[in-house]
Amino acid sequence: MAAHRGALRDVVRNPHAEEDWAQALVRVPRLVNEVQRLIGPSIAVENTFLVVKWPGRDFEVPWHQDGINDRLELDPFRAVTAWVALTDADLTTGCLHVVPGSQRGGYLPYERELATGAARGRALGTRVSPHTRGVPVPVAAGSGVLMDTRLVHRSHSNQGAGARIGLNIRYVAPRGIRRRDDSNPSLHPISGSGW
């Protein structure tokens, strides 16, 4: 947190590629075992995002799905999202809200949110009914959740006293990525072969 407090950075892309703590976290045996149970013995990290919600600062993340963007589409049977809380994430600090069962609708159309001037950039959002509320998913520091990459979810701004920090990790199995452009994903193998 101290490394990002001065600049009040909201989003750090791919810390697992450079930060020792993130490299260790994506390899925690209990997490790796659960991911392998879901998508198979060979897994790699496709992407990570460190998300810091500073107290009292506007940082709404719109409804979205983690497995699709302009570059790629993740095969939901060969990919999973892990969201790990580095600090407590509750209703006050901006925990995740999910729409249970929404993954059954497949990947939905998305669009980049309107420019807000936020340092985090413009997120990709999925259109949902304006009456959608979702179910809050509080997570204690050191714990996490695994989600289908098609699950629609969001988070609100942090109205608590301290920073809310979470690491989003997208794990994939071999052949778990369908490229939608000419880019080549930079995978970080964790286990197995086929990379």
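Every value quoted in this text rests on a predicted model; they were computed, and no experiment measured them. (Residues numbered from 1 in each chain as written. Predicted model: local features only at pLDDT ≥ 70, side-chain atom pairs only at ≥ 80, totals over all residues. Heavy atoms only, no water.)

Section: the packing of aromatic side chains
Turning to step 1, where the next piece is worked out: Taken as a whole and judged by the stated rule, the model has zero aromatic pairs.
Turning to step 2, where the next piece is worked out: Of note, Arg 150 hangs over the ring of Phe 77, and the distance from its end group to the ring centre comes to 5.6 Å. (Phe/Tyr/Trp six-rings, centres within 6.5 Å; stacked < 30°, edge-to-face > 60°. Lys NZ or Arg CZ within 6 Å of the ring centre and 35° of its normal.)

Comments concerning the sheet that holds strand E9 (residues 135-137)
Turning to step 1, where the next piece is worked out: Spatially, the four strands line up as an open sheet ordered E3-E11-E6-E9, and their pairing is antiparallel. The two strands at the open ends of the sheet, each matched to only one other strand, are strand E3 (61-64) and E9. In this sheet, neighbouring strand axes are inclined to one another by 25 degrees on average, regardless of whether the strands run parallel or antiparallel.
Turning to step 2, where the next piece is worked out: With three bridges joining them, strand E6 (residues 96-98) and E9 adopt antiparallel strand pairing. In the sheet register, Leu 96 faces E9, and the bridge partner there is Val 137. (Pairing = 2+ DSSP bridges. Helix = DSSP H or I, 4+ residues; strand = E, 2+ residues; numbered from the N terminus. Axes fitted to C-alpha atoms, helices over the stretch in contact; angles between N-to-C directions.)

So, helix H3 (residues 29-39)
Turning to step 1, where the next piece is worked out: Taken as a whole, H3 has its buried residues at Leu 31, Val 32, Val 35 and Ile 39. Down the axis, H3 shows its buried residues gathered within 95 degrees of arc, on one side only. Away from its buried face by more than 90 degrees, H3 exposes Pro 29, Arg 30 and Arg 37.
Turning to step 2, where the next piece is worked out: Against the buried residues of H3 lie helix H2 (20-25), strand E2 (43-53), strand E5 (79-85), strand E10 (144-147), strand E12 (164-172) and strand E14 (188-191).
Turning to step 3, where the next piece is worked out: Phi turns positive, to about 115 degrees, at Gly 40, one or two residues after H3. (Buried < 20%, exposed > 50% of the residue type's maximum accessible area, 1.4 Å probe, protein only. Arc of directions from axis to C-beta. Contact = heavy atoms within 4.5 Å.)

Brief notes about the environment of Arg 175
Turning to step 1, where the next piece is worked out: Examined against the element boundaries, Arg 175 turns out to sit in the loop between E12 and strand E13 (177-179).
Turning to step 2, where the next piece is worked out: The class for Arg 175 is exposed, based on a relative accessible area of 65%.
Turning to step 3, where the next piece is worked out: When the C-alpha atoms of Arg 175 and Asp 10 are compared, they prove to be 31 Å apart, with 165 residues separating the residues in sequence.
Turning to step 4, where the next piece is worked out: In contact with Arg 175, not counting residues within four places along its chain, are Asp 75 and Arg 78.

As for the nonpolar core
Turning to step 1, where the next piece is worked out: Core analysis: the biggest nonpolar cluster contains 22 residues, and Leu 31, Val 35, Ile 39, Ile 43, Ile 169, Tyr 171 and Ile 190 have the highest contact counts within it.
Turning to step 2, where the next piece is worked out: Among the elements of the structure, H3, E2, E5 and E12 are those that each provide at least two residues to this core.
Turning to step 3, where the next piece is worked out: Not counting chain neighbours up to four residues away, the residues in contact with Ile 39 comprise Phe 77, Arg 78, Ala 79, Val 80, Tyr 171, Val 172 and Ala 173.
Turning to step 4, where the next piece is worked out: Listed in part, the 10 residues of the second largest apolar core include Ala 85, Cys 95, Leu 96 and Val 98. (Core = buried A, V, L, I, M, F, W, Y, C linked by side-chain atoms within 4.5 Å.)

Let's talk about the pattern of salt bridges
Turning to step 1, where the next piece is worked out: Taken as a whole and assessed by the stated rule, the structure comprises nine salt bridges.
Turning to step 2, where the next piece is worked out: Two residues, Arg 178 and Glu 73, come together in a salt bridge whose shortest N-O distance is 3.0 Å. Within this pair, whereas Arg 178 is found in strand E13, its partner Glu 73 is found in strand E4 (residues 72-74), the two being separated by 105 residues in sequence.
Turning to step 3, where the next piece is worked out: Look at Glu 73 and you get partly exposed, because its relative accessible area is 21%.
Turning to step 4, where the next piece is worked out: Here the salt bridges share partners, and the residues they tie into one network are Glu 46, Arg 71 and Arg 170. (Salt bridge = Lys/Arg side-chain N within 4 Å of Asp/Glu carboxyl O.)

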